[in-house]
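Residue strings, one per chain:
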Amino acid sequence: MPVVVVESPAKAKTINKYLGPDYTVLASYGHVRDLPAKDGSVDTDNDFGMTWEVANDSRKHVKAIADALKDDNALILATDPDREGEAISWHLQEALTKRRSIKKDTAVSRVTFNAITKEAVTEAMQNPRQVDMPLVEAYLARRALDYLVGFNLSPVLWRKLPGARSAGRVQSVCLRLIVEREMEIEAFNPQEYWSVRAQMATPRGQEFEARLTVMGGEKLDKYSLKNSTSAELAVQAVASRKLSVLSVEAKPAARNPSAPFMTSTLQQEASRKFGMGARQTMNAAQRLYEAGLITYMRTDGIDMAPEAVQEARAEIEKRYGSEYVPNSPRIYKNKAKNAQEAHECIRPTDMSRDAASLKVSDDDQRKLYDLIWKRTLSCQMEGARLERTTVDIGSADSQVVLRATGQVVLFDGFMRVYEEGRDDVADEDDKRLPQIMQGEALKFASSLAAQAEKASKDASVLSDDGAVLALQHHTQPPPRYTEATLVKRMEELGIGRPSTYASVITTIQDREYVRKEKNRLFPEDKGRIVTIFLLNFFRKYVGYEFTANLEEELDDVSAGDGDYKDLLGKFWRDFSAAISETSDLRITEVLDVLDDALAPQLYPPREDGTDPRTCPKCGAGQLHLKTSRTGGFVGCGNYPECNYTRPISGEGAEGYERILGEDDGDEIHLKSGRFGPYVQRGEATPENKKPPRSSLPKQGKDFLPGWGPNEITLEQALTLLTLPREIGQHPDGGAIQSNLGRFGPYIAHQLPDEEKPVYVNLKETLDVFEIGMNRAVEMLAEKRANPGRGRGRAAAKPLKELGEHPESGGAVNILDGRYGPYVKWEKVNATLPKDVEPKDVTMEMAVQLIAEKSSKGGKKKTAAKKPAAKKKAAPKKAAAKE
């Protein structure tokens, strides 16, 4: 009975259904080995030898596989069909060989399948192979590069830029994109321009809108009407003339469907349509793949298997009719240079199953499956047939010409099922026009007054009859990246691969280099500082071309056309030299370079013409770039005599810090700190090192409506600075206080005989200012009577009681939590797998889940209790690992 190993329990469960009792299917739970985070894991002096270590969490999984091989002397490695999957198989084979679980006569084979269906799994089992070593070597090269960059460059950042977290081979280049886009936005100078439109009516009374394209006999471009004066002249010129139809041109047009999804386009479309992040998209896709519902989700390929194409065409005819099926199948060719990433497109494994027929409770999975199903079906449908009409309207003297455009869908084709989302604004001219005939005279219709009212008085010019309107516009800076447009740009530049997009974008947010607001990515100050540092001292290694070329060299290794150790040697020679040069620099030297590089953003010209580097507080000191644990800031060089600081985004920029007003002789400041914006009374002085301050109140992850950094007023700030608020004296003694804490609003009280205060969370943030004595005393009494209640909630009622733990005692129950059902034993909470129902959980299963959770969290193990041993003198601790 061969042992089959896959990555996850969910995948194991699905495959087990198809293989039956003749196979033992086990999960490795992802990668089983990695490079230890210490110096020497990649030995640059000895041919880049790598020291691998089995992770603590993985030891029990490797042992389970090793134990199974004692009875079954055949191992089938069935991990994912990409570079990471190949690496996991190689690591397993190496780790098991080292344990001597794989013997000379043990049959070891590798199988891959692009979809977890019975047919695909059965076919894979009939076509085993050995581990693909070129693919493994490409993985080894990537892992070594990431280690060498991260382990050598990150300490440089820690020493030179306090508050910097890490640097990475791809993450730093991705961060550069976001920072440079922000700098483009800051440097952008909007240009004014005007457009003129007229509301026309046919002799039959049907209205339509046309825009001015020719003025004074000359064709207008976007910026021809530069100001209100030229716009007003244009409005008068149009309104004073009689207009007729010069020409009507109708042209057929066609729209073809988009190609089926690959990783990057799936992430982009999920972001556009649902606002899903890259990692959120990939997690949902992973679950769908493991359930056998879609093909493998990490791919650069857009081709479809011939049988899938035929299945899609049959489903289209069945659902929509033969007119929606093209005469021949649509063929999509892969553009990916790297064949190992170019698996089949992401598609449903069964085209007859739409989202409504799935038994999927997770909302993300259901939405994503529906998107994939519609995109796949539409890519094999007939194109849409359209008719685009262009109407030119002009005066008899040819001085004025206006144009109206419209579009009619003659046959919807694939659009009946699916239309791709857009990152830009849709064209407003794609409207349906009424019947218009060449030569007929047109009249003005006075219905543009409403549009003029929406614009400000200075931004519009309306003709007397209300039929001709000029509107002011300004050119817009390039938009900030969304996760979707960032992935698209990375793909265009050749940076990263399908398996890395999501993790890279997540990492720069987790490092607090970037924040996401309203689906847009904003660089934080520390992210900007790190990028400028790298651009000045390691420009080559955050270069777009260098990173893309390195990716191509790694692709050559995976194809067997390159030696990975030669690649590493070439990289390390130059990179180690750059590290050595920078290590000798003092922090002040680094800050001086960054100060000069950031000068245009840090010190923009002031309206009064004074030196932008002069401190606005003391008037004597010069402003300089400084760093702290929370990132960069600008401060006065006369510190500590002058303690003026502001964010690096500049005076009057979008930084939170500002003075809200004065109260009782103190300036009330809005500042930005390590845990977000806060208000503060006065400035810190040697006599008053910690002036009163209070964080802005939050509601979940967002600020309480009306209390955010951009809306907060002086009155609200003064209200916050009254915290902690004393509600009154408790009848049994001691003051009751309300306050805002790290986890939200609460009240606190300590009786004379209590060792520590009792805390009760409040549901509403503003309750800290409003709660009265009666309610506070009642809530405290209820909490003291039920000390087990957390955050004001009643103790959860078990969904199922399993009884006493068989080894260590203590009740084992199944409870319903915020993230789903979980097993509870003493202080250990272990979430149930998604495919396990609470009613099906046995004591044996629960004990196993508790043991796994305990080993991960370092909590109480499920071993039998032993009598306490005598205390011995503690041995001297060994030096901690880095």
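One structure accompanies this document, and this report is about it. Owing to the predicted nature of the structure, the values given are computational and were not obtained by experimental measurement.

Before going further, it helps to spend a moment on unusual backbone geometry. Here leucine 723 and proline 724 are connected by a cis peptide whose omega angle stands at -5 degrees. On the secondary structure map, proline 724 appears in the loop between α20 (714-720) and β29 (725-729). Its identity is not glycine, yet arginine 100 carries a phi of approximately 65 degrees, on the positive side. Position of arginine 100 relative to the elements: it lies in the loop between α3 (83-98) and β8 (107-110). Positive phi values are uncommon outside glycine, yet glutamate 512 reaches one of about 65 degrees.

Right, let's get into the sheet that holds strand β34 (residues 811-817). Pairing is antiparallel across the open sheet formed by 4 strands, whose spatial order is β33-β34-β35-β36. The sheet is open, and its two edges are formed by β33 (800-804) and β36 (828-831), each paired on a single side. Each strand axis lies, on average, 25 degrees off the axis of its neighbour in the sheet, ignoring direction. Judged from the 4 bridges that link them, β33 and β34 form a sheet pairing that is antiparallel. Bridge pairing in β34 links lysine 800 to isoleucine 814.

This paragraph deals with the nonpolar core. Counting residues in hydrophobic clusters, the biggest one holds 148 residues, and the most contacted among them are Leu75, Phe113, Phe533 and Phe538. What phenylalanine 113 contacts, discounting residues up to four positions off in sequence, is Lys11, Ile15, Ala78, Pro81, Ala120, Val121, Ala124 and Tyr289. One finds Ala210, Leu225, Ala231 and Val235 within the second-largest nonpolar core, a separate group that totals 27 residues.

In this section: the packing of helix α16 (residues 544-558) against helix α17 (residues 564-583). Relative orientation of the contacting elements α16 and α17 amounts to 160 degrees, with a least axis distance of 10 Å. Classified by the angle between their axes, α16 and α17 sit roughly antiparallel to one another. Residues Phe546, Leu550, Glu553, Leu554 and Val557 of α16 touch α17, and the partners they reach there are Tyr564, Leu567, Lys570 and Phe571.

Let's shift gears to the sheet that holds strand β7 (residues 74-77). Taking strand neighbours across the sheet as the criterion, the 4 strands line up as β2-β1-β7-β8 in an open arrangement whose pairing is parallel. The sheet is open, and its two edges are formed by β2 (24-27) and β8, each paired on a single side. Sheet twist, expressed as the mean angle between neighbouring strand axes with direction ignored, is 20 degrees.

Here we come to α3. The first and last C-alpha atoms of α3 sit 22 Å apart over 16 residues, in line with the 22 Å expected at 1.5 Å per residue. Regarding α3, the residues found buried are Arg83, Gly85, Glu86, Ala87, Ile88, Ser89, Trp90, His91, Leu92, Ala95 and Leu96. Next to the buried residues of α3 lie β1 (3-6), β3 (33-34), α2 (56-71), β7, β8 and α5 (133-160). Note on α3: the residue one or two positions beyond its end, arginine 100, has a positive phi of about 65 degrees.

Time to look at the pattern of salt bridges. Applying the stated criterion across every chain yields a total of 47 salt bridges. Between glutamate 315 and arginine 319 there is a salt bridge whose closest N-O contact spans 2.7 Å. Of this pair, glutamate 315 and arginine 319 both sit in helix α10 (residues 306-320), 4 residues apart, which is roughly one turn of that helix. Across the pair aspartate 363 and arginine 366 runs a salt bridge, and its minimum N-O distance is 2.8 Å. Note that aspartate 363 and arginine 366 are positioned in helix α11 (residues 363-378) at a spacing of 3 residues, about one turn of the helix. Residue classification places arginine 366 among the partly exposed residues on the basis of a relative accessible area of 33%. Through salt bridges with shared partners, a single network forms among Arg142, Asp146, Arg169, Arg497, Glu551 and Asp555.

For strand β9 (residues 192-201), the tally of buried residues reaches 8 of 10 residues, placing the bulk of the element in the interior. Taken together, the 7 bridges between β9 and strand β17 (residues 468-474) define a ladder with antiparallel strand orientation. Across the sheet, residue glutamate 192 finds its bridge partner in β17, namely histidine 474. Strand direction decides the pairing type here: β9 and strand β10 (residues 207-215), joined by 5 bridges, are antiparallel. Counted as the bridge partner of methionine 200 is phenylalanine 208 from β10. With antiparallel pairing between neighbouring strands as the criterion, β9 and β10 make up a hairpin whose turn holds 5 residues, including glycine 205 at a positive phi of roughly 85 degrees. As paired elements, β9 and strand β15 (residues 441-444) share 2 bridges and run antiparallel to each other. Bridge pairing links alanine 201 to lysine 443 in β15.

For the rest of this paragraph, the subject is the pairing of strand β19 (residues 520-523). In this structure, strand β18 (residues 514-517) lies alongside β19, joined through 4 bridges in antiparallel fashion. Residue pairing across strands places arginine 515 opposite phenylalanine 522, the latter belonging to β19. Hairpin connection between β18 and β19: a loop of 2 residues separates the two successive antiparallel strands, and lysine 518 in this loop has a positive phi of roughly 50 degrees.

The rules behind these values
- Residues numbered from 1 in each chain as written.
- Predicted model: local features only at pLDDT ≥ 70, side-chain atom pairs only at ≥ 80, totals over all residues.
- Heavy atoms only, no water.
- Helix = DSSP H or I, 4+ residues; strand = E, 2+ residues; numbered from the N terminus.
- Pairing = 2+ DSSP bridges.
- Axes fitted to C-alpha atoms, helices over the stretch in contact; angles between N-to-C directions.
- Core = buried A, V, L, I, M, F, W, Y, C linked by side-chain atoms within 4.5 Å.
- Buried < 20%, exposed > 50% of the residue type's maximum accessible area, 1.4 Å probe, protein only.
- Contact = heavy atoms within 4.5 Å.
- Parallel < 35°, antiparallel > 145°, perpendicular 65-115°, else oblique.
- Expected span 1.5 Å × (residues − 1).
- Salt bridge = Lys/Arg side-chain N within 4 Å of Asp/Glu carboxyl O.

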